[in-house]
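# Breakdown of the fold
Next come the chains, spelled out residue by residue.
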Amino acid sequence: MLDFSILTTNMDSFLEGLKITIIASLIALLGSFILGTLLAVMRIAPFKPLNWLGTAYVEFIRNIPVLVIVFFAYLAGNFGGMTAGTIGLTIYTAAFIAEAIRAGIMSVPRGQMEAARSTGLTYGQAMRMVILPQAIKIVIPPLGNQFINLVKNSSLLAVVAGGDLMYQGDLISAKTYVTFDTYVFVALFYLILTIPLSLGVGYLEKRLARSH
Amino acid sequence: MFKTKKFVKMALVSAMAAIFLAGCGGDKTSTDSSKDVLAQIKEDKKVVFGVKHDTRLFGLKNPSTGEVEGFDIDLSKALAEEIFGKDVKSEFVEVTSKTRVGLLNNGKVDAVVATMTITEERKKEVDFTDVYFDAGQSLLVKKGSKIQSIDDLKKDTKVLAVKGSTSSINIREKAPETTVLEFENYAEAFTALKAGKGDALTTDDSILYGMAEEDPSFELVGGTFTEEPYGIAVKKGNTELVDELNKALKSLKDSGKYDEIKDKWIKN
């Protein structure tokens with residue numbers, strides 16, 4: 001049976017880790033969404049140097065392990081483990097979000113942009129008011145997947161002493177030697193975060209499909 | 001649409017069930033498998049030692065040869081030869097402070113010779129041999145640091161340590177005000193120190209000497225503030241293997257072979 005005393009005696013550590021995991025995930029979620037949208041727009045903008053820049057970022061970051069990016073962020077900058085980990089996660093996740101959003105924008109029929117431009121809107125306005133609102137609906141499911149991955153990837157904060165759930169789990173298992181059970185509880189705490197996220201994305205998907 | 005929803009829910013429920021079952025299963029195997037390690041070694045004609053791969057002087061993987069080298073490795077080889085003669089092969093598997101007890105208990109390694117301090121707490125989990133090396137915990141700082149001893153560790157100082165090591169527990173007792181950041185292994189902790197992520201790195205002096213040797217801009221300060229007797233750990237209940245190791249250790253010490261190995265690695 002599971003050793004529940006591990007959970008009860010170390011509840012403070014688990015909750016502290018959970019708090020940091022939530023905060024880091026939320027900040028990285030917001031940051032990577034903004035950065036990712038910007039990158040997606042750059043990649044399809046009618047201006048070549050921007051395309052190149054966006055493509056270079058996505059191809060470069062997407063093909064480096066996130067663990068390496070987190071290490072770079074930690075060792076290169078003057079940040080603590082949690083900040084560096086969150087920055088690393090944001091940089092990494094943004095590349096995937098950019099791709100998801102770009103695919104969404106591309107799937108909006110060309111005529112939409114042409115019609116919007118012919119009413120006198122600038123490219124930026126047409127993008128913001130006509131294309132992106134339609135694209136968002138298409139990208140909700142892939143974005144949801146990226147955010148769930150983001151929460152799981154936040155466990156990498158543990159290697160830079162970020163104080164997250166995984167880090168606390170490491171310390172508890174090292175202290176008690178009850179390795180297996182400790183990580184079962186760690187897994188359950190992650191599930192508490194990811195399952196609602198997963199169900200929420202499903203719900204949103206259904207709502208948006210109806211309004212379409 | 002609705003069918004896939006249902007499927008997703010089913011998958012979630014079964015995944016959770018699987019985790020719980022695995023939890024129970026994992027527990028059972030770790031307490032059940034009590035096969036005698038000594039007999040197994042003789043049967044397989046090989047003994048697997050768990051050693052560090054990232055600790056200069058004790059166990060360090062040499063990138064150019066791919067071999068692990070150090071005091072712990074040479075001592076393990078000598079002990080194996082002393083006990084089993086030439087026909088049992090010595091194999092080395094990497095362990096870290098975090099993984100070594102787990103690997104011992106699930107039978108992946110037969111004996112841990114990895115700068116492991118004998119403590120009362122650990123004796124409940126594994127069996128130890130006699131002391132094979134006497135170390136003591138100390139501090140490594142950048143030369144010219146304002147930290148000169150453990151008394152200088154205050155609220156605003158950050159001390160780097162390694163997860164699962166006795167030094168991370170000790171430093172919290174000896175300097176309760178200071179912030180302790182814990183890393184996966186010594187290489188990462190030392191990298192963090194070099195990158196200025198902390199004011200001092202704490203662990204056994206024997207390991208710190210290896211780091212200071214690698215990068216002379218760092219130095220040990222304040223002497224030692226704990227005693228860290230290293231022992232060889234084996235899975236609980238293998239008293240016969242412990243006896244054999246103790247006998248071998250004693251005869252290596254008597255024959256001068258132990259000192260020969262020690263002098264080769266530890267110069268201080």
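Everything below is about the structure printed above this text.
All values reported here derive from a predicted model rather than from experimental measurement.

### A closer look at the overall build of chain A
- On a plain count of helices and strands, chain A comes out with 9 helices and 0 strands.
- Listed by position from the N terminus, the elements making up chain A come as α-α-α-α-α-α-α-α-α.
- With respect to the three principal axes, the spread of C-alpha positions in chain A is 70 × 45 × 20 Å.
- Per-residue burial over chain A gives 42% buried out of 212 residues.
- A separation threshold of at least 6 residues defines the contact pool for chain A, and within that pool the share at least 24 residues apart is 72%.

### Details of the sheet that holds strand β1 (residues 46-51) of chain B
All names here are of chain B.
- A sheet is described by the order of its strands in space; here 5 strands give the open sequence β5-β1-β6-β13-β7, paired in mixed fashion. Two strands close off the open sheet at either side, each with one partner strand: β5 (89-94) and β7 (126-135).
- Bridging between β7 and strand β13 (residues 228-235) involves 7 bridges; their strand directions are antiparallel. Residue pairing in the sheet places Val131 in a bridge with Gly231 of β13.
- Along the sheet, helix α9 (residues 239-255) makes contact with β7 and β13, crossing β7 at roughly 20°.

### Brief notes about helix α6 (residues 166-174) of chain B
- Among all positions of α6 of chain B, only Thr166, Ser167, Ser168, Asn170 and Ile171 of chain B are buried.
- On its buried side, α6 of chain B packs onto β8 (137-142), β9 (158-162), β10 (179-183), β11 (200-204) and β13 of chain B.

Reading guide: rules and limits
Residues numbered from 1 in each chain as written. Chains lettered and ligands numbered in written order. Predicted model: local features only at pLDDT ≥ 70, side-chain atom pairs only at ≥ 80, totals over all residues. Helix = DSSP H or I, 4+ residues; strand = E, 2+ residues; numbered from the N terminus. Buried ≥ 20, exposed ≤ 12 C-beta atoms within 10 Å, placed from the backbone. Contact = placed C-beta atoms within 7 Å. Pairing = 2+ DSSP bridges. Axes fitted to C-alpha atoms, helices over the stretch in contact; angles between N-to-C directions.

Don't take any of this as a statement about function, it's just geometry.
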